[in-house]
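For reference, the chains in residue letters:
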Amino acid sequence: MTARLYYDDSFLYEFDAQVMEIVPGSQAEARPAVILDRTAFYPTSGGQVFDTGWIAPADASGEGVGSEVVEVTEREDGTILHLVRDAAPLSRGMRIHGKIDALRRLDHIQQHTGQHVLSAAFIRLFNAPTVSFHMGNESCTIDLDTKALTSDQVGAAERLANEIILENRPVEIRYVSPEEAQGMGLRKIPTVGRPELRLIAIQDFDLTACGGTHVRGTGQIGCILLRKIDKVRQGVRLEFVCGQRAVVTARRDYSALAEAAALCSAPLWDVPQQIRKVREDAKITHRASEQLLDELAGHLAARLIAQTPIDMGRRVVIGVFADRDLLFIRLLAQKCARGTDNVIALLASTCGPTALVFAQSPGQPFDMGVLMKEAVAKLGGRGGGGRDLAHGGTAESKGVEPVLAEIKEKLLDYRST
Ligand SMILES: [Zn+2]
């Protein structure tokens, strides 16, 4: 079992120890693992993620000498495994000097202790217990056992948590037996039977059992910023960031909002109203544009029909449009076929991916779906549809006009037989 130096000092960033064993990389874990008699490296557990850093021979000096610790895990028996990029500089029995990434540790301490404060605030204010905690690279989340949270409740919890931080309340570590812990009003008691419990006490605010790393006074958390609320199976998931992360996140949020405000030529707080207005205007413009396209398609259909001579009682309209999209030619085909009872429209759009639309007036004897399949087979595309309306698409626009002309000929042949 590795002695855990961080239990008594979360701010111990450097330490001396001895290599007990080096476990070579295996299929299950490609990286070699270094086992020490004592360590300040924190292994992933209880929602707090691992430390990184360096383990170097005690007599070595200089930056980057030794083995880089890329992950830290723990075995069930309490042994801590320091997974290293390369174990070659180390050997069994060697005296070493360990150095953990202090900025990463401090960030973890801030997020983790911030979670204690936040979870206690939700208990105090709304009797909503925390059921799980996750620390991500950018933000952290807690899952609260409650049906819903209003933004007012989130605001109240954020305010209380930050008041506790501003008061810089002492955070103390105590060791008690599970029996002693029973009557102490702990927020959370671990279910795993241990001879001794490590308690983290935030003066007159929170008492809980925890094996993580914590600040000495709540002021070191810096601040807590609550963000997204999501409904999850267990209750409500709340995203938060503490300390320097909160500043970085708020800076990024501000930059995005400032850019949006500049685009709207409006003050920051007016951005939502401006976006609502832009969306409403876009809706109105879209409706007007749809109406105009409908009218345009009607006029164009009438012109195409007028320009196409009647042959054996029918008009076969063909057209390839380089400046109209699929939606428009579909509308046009339908206007052609539905406006008059003797029209077959064979239309294509070459603006964007080439699209084909075939339509016939109800009662005509052809099958647009079959004709479309024949057309796309010749053009190297895909398509199909029903008797009166069919769609298709091809990768290239080359050859579309001759194929439409060919189909028109076929329809003429059909009529002559
Ligand atoms: Zn903790």
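The structure we're discussing is the one just above.
Below is a summary of the structure that appears in this document. (Residues numbered from 1 in each chain as written. Predicted model: local features only at pLDDT ≥ 70, side-chain atom pairs only at ≥ 80, totals over all residues. Heavy atoms only, no water.)

**Let's talk about the packing of helix α1 (residues 102-126) against helix α2 (residues 151-166)**
- Across the interface, α1 lies against α2 with an axial gap of 9 Å and an inter-helix angle of 125°. One finds that α1 runs oblique with respect to α2. Between α1 and α2 lies a crossing of right-handed hand. Between α1 and α2, the contacting residues are Val117, Leu118, Ala121, Phe122, Arg124, Leu125 and Phe126 on the first element and Gln153, Ala156, Ala157, Leu160, Ala161 and Ile164 on the second.
- A per-class count over the contact of α1 with α2 returns 11 nonpolar, 1 polar and 1 charged. (Axes fitted to C-alpha atoms, helices over the stretch in contact; angles between N-to-C directions. Helix = DSSP H or I, 4+ residues; strand = E, 2+ residues; numbered from the N terminus. Parallel < 35°, antiparallel > 145°, perpendicular 65-115°, else oblique. Left-handed = near helix turned anticlockwise from the far one by under 90°. Contact = heavy atoms within 4.5 Å. Nonpolar A, V, L, I, M, F, W, Y, C, P; charged D, E, K, R; others polar.)

**Things to note about the pattern of salt bridges**
- Within the structure shown, the criterion is met by 19 salt bridges.
- With a shortest N-O distance of 2.8 Å, Asp107 and Arg245 are connected by a salt bridge. In this pair, Asp107 sits in helix α1 while Arg245 sits in helix α4 (residues 243-264), placing the two residues 138 residues apart along the sequence. With respect to burial, Asp107 and Arg245 carry one shared label: buried. (Salt bridge = Lys/Arg side-chain N within 4 Å of Asp/Glu carboxyl O. Buried < 20%, exposed > 50% of the residue type's maximum accessible area, 1.4 Å probe, protein only.)

**Thoughts on the side chain of Thr141**
- Within the secondary structure layout, Thr141 lies in strand β10 (residues 140-144).
- Among the residues examined, Thr141 registers a relative accessible area of 16% and is labelled buried.

**Considerations on unusual backbone geometry**
- Phi at Asn168 takes a positive value of approximately 45°, unusual for a residue other than glycine.
- By secondary structure assignment, the location of Asn168 is in the loop between α2 and β11 (171-176).
- Asn168 sits in the partly exposed class, given a relative accessible area of 44%.
- Even without being a glycine, Asp204 presents a positive backbone phi close to 55°.
- By the element assignment, Asp204 lies in the loop between β12 (197-202) and β13 (206-209).
- Under the relative-accessibility criterion, Asp204 is labelled exposed at 65%.

**Quick notes on the sheet that holds strand β9 (residues 130-135)**
- Strand order in this open sheet of 4 strands is β9-β10-β15-β14, and the pairing throughout is antiparallel. Edge strands, defined here as strands with exactly one partner in the open sheet, are β9 and β14 (224-232). The mean angle between the axes of side-by-side strands here comes to 20°, regardless of whether they run parallel or antiparallel.
- Where β14 and strand β15 (residues 235-242) come together, 7 bridges link them in antiparallel fashion. (Pairing = 2+ DSSP bridges.)

**Let's talk about the coordination of the zinc ion**
- At the metal site, the zinc ion is ligated by His112 (NE2), His116 (NE2), Cys210 (SG) and His214 (NE2), and these contacts range over 1.9 to 2.1 Å.
- Spacing between the donor residues of the zinc ion along their common chain follows H-x3-H-x93-C-x3-H. (Donors = N, O, S within 2.8 Å, 3.2 Å for Na, K, Ca; no water.)

**Thoughts on the packing of aromatic side chains**
- Counted under the stated rule, the structure contains 6 aromatic pairs.
- Pairing Tyr6 with Tyr42 gives two aromatic rings, centres 4.9 Å apart and planes at 65°, and the pair type is edge-to-face. With a gap of 36 residues between them, Tyr6 in the loop between β1 (3-4) and β2 (14-23) and Tyr42 in the loop between β4 (38-39) and β5 (53-57) connect regions that are remote in the sequence. In terms of burial, Tyr6 and Tyr42 fall into one category: buried.
- Relative to Phe126, the ring of Phe122 has its centre 6.2 Å away and its plane inclined at 45°; by these criteria the two rings are tilted. (Phe/Tyr/Trp six-rings, centres within 6.5 Å; stacked < 30°, edge-to-face > 60°.)

**Observations regarding the nonpolar core**
- Of all hydrophobic cores here, the largest spans 33 residues; its most connected members are Phe122 and Ile224.
- Setting aside residues up to four positions removed in sequence, Phe122 forms contacts with Asn127, Ala128, Ile142, Leu144, Leu149, Ala157, Leu226 and Leu238.
- Among the nonpolar cores identified, the runner-up in size contains 20 residues, and Val34, Tyr42, Leu90 and Ile100 belong to it. (Core = buried A, V, L, I, M, F, W, Y, C linked by side-chain atoms within 4.5 Å.)

**Considerations on the environment of Val176**
- Looking at the element boundaries, Val176 is found in strand β11.
- In this structure Val176 comes out as buried when scored by relative accessible area, which is 11%.
- Expressed as a C-alpha distance, the spacing of Val176 and Ala209, which sit 33 residues apart in the sequence, is 9.8 Å.
- Setting aside chain neighbours within four positions, we find Val176 in contact with Ala181, Met184, Glu196, Leu197 and Leu199.

Keep in mind these numbers describe shape, not what the thing actually does.
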